[in-house]
Amino acid sequence: MGRFSTRLAPVFADFAGVEPGMRSLDVGAGTGALTAELVRRGGEVAAAEPSAEFAAALRSRFPGLDVRQTGAEELPWADDSFDVALAQLVVAFMSDAAAGVREMQRVAGTVAVCMWDRERMEMLAAIDRTRAALGVSRWDSPYRSRVEIEQLIGDGAELELLEVDADYVDFEDFWSALAGGVGPAGIWVVALDDEQRATARAELFRQLGEPDGPFTLTGRAWAAKTTRA
Ligand SMILES: C[S@@+](CC[C@H](N)C(=O)[O-])C[C@H]1O[C@@H](n2cnc3c(N)ncnc32)[C@H](O)[C@@H]1O
């Protein structure tokens, strides 16, 4: 997933209107795919991340950055501390996404969120089809469609379907990234026993059109933005 989130970061930052000199907050920053883009654009950057491991990784990757170990639902910053608060691929993982968005709207004038679209993110769609072929129920995750994202962020939001590509040298390159265990799809693969994993690998290869060399997958994410009047 890292390959996709790194590519998504500049597209999402453009959508949110992040410009040099702005104060920006990366909510659910993970290991910093978006944080790096915000820092690159200049200005005052802060990050919120509930995982102790990821917060430590952020502190070591961005020395001096204001990193707080916290969820979005209770952000430890005063009202209007930022021009923009962004949550890239995070709202589906929040325990209370509505509260998280409200907090982001309290601390920043502009709020932007995005999540992969269930059907239009080619990698996740192929994994869903693979699971179905193996008789495993569809991966149940909220905020994977335009309507859910729109409902979450509220009336008057600006919406856009963002699109990015990720390149793979071959299927093995794709599979080894997945079998590294990153993200919900990776966690699923890692939890399989050897026989199930071999079956899943073969089915996923088939679902991706049996690529015999380099290939590209497209990821599309719904992004929504609100700006306080
Ligand atoms: C798929 S990762 C995305 C990380 C990063 N934004 C990126 O684009 O690479 C989801 C992140 O959301 C974080 N997270 C989970 N629950 C959260 C919450 N309630 N508030 C904020 N972040 C949360 C996770 O710890 C994880 O770092």
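Residues numbered from 1 in each chain as written. Predicted model: local features only at pLDDT ≥ 70, side-chain atom pairs only at ≥ 80, totals over all residues.

Colleague: Looking at this structure, I do not really get the nonpolar core. What am I missing?
Modeller: Counting residues in each nonpolar core, the largest one holds 67 residues, and the members touching the most others are Phe12, Ala85 and Val113. If we ignore the near neighbours within four places in the chain, the residues touching valine 113 are Ala87, Val91, Val101, Ile149, Ile153 and Ala224. (Core = buried A, V, L, I, M, F, W, Y, C linked by C-beta atoms within 7 Å. Buried ≥ 20, exposed ≤ 12 C-beta atoms within 10 Å, placed from the backbone. Contact = placed C-beta atoms within 7 Å.)

Colleague: Just checking my understanding: could you explain the site of the ligand for this structure?
Modeller: Near the ligand lie 21 residues; those nearest to it are Ser5, Gly28, Gly30, Ala33 and Gly71. Class assignment for the residues of the shell around the ligand results in eleven nonpolar, eight polar and two charged. (Near = placed C-beta within 6 Å. Nonpolar A, V, L, I, M, F, W, Y, C, P; charged D, E, K, R; others polar.)

Colleague: When you look at the environment of valine 111 in this model, what are you seeing that I'm missing?
Modeller: Here valine 111 shows up in strand β5 (residues 108–116). For valine 111, a count of 29 C-beta atoms within 10 Å corresponds to the buried category. The spacing of valine 111 and alanine 157 is 46 residues in sequence and 9.6 Å in space, taken between C-alpha atoms. The residues contacting valine 111, other than those within four sequence positions of it, are Ala85, Val101, Met104, Gln105, Lys225 and Thr226. (Helix = DSSP H or I, 4+ residues; strand = E, 2+ residues; numbered from the N terminus.)

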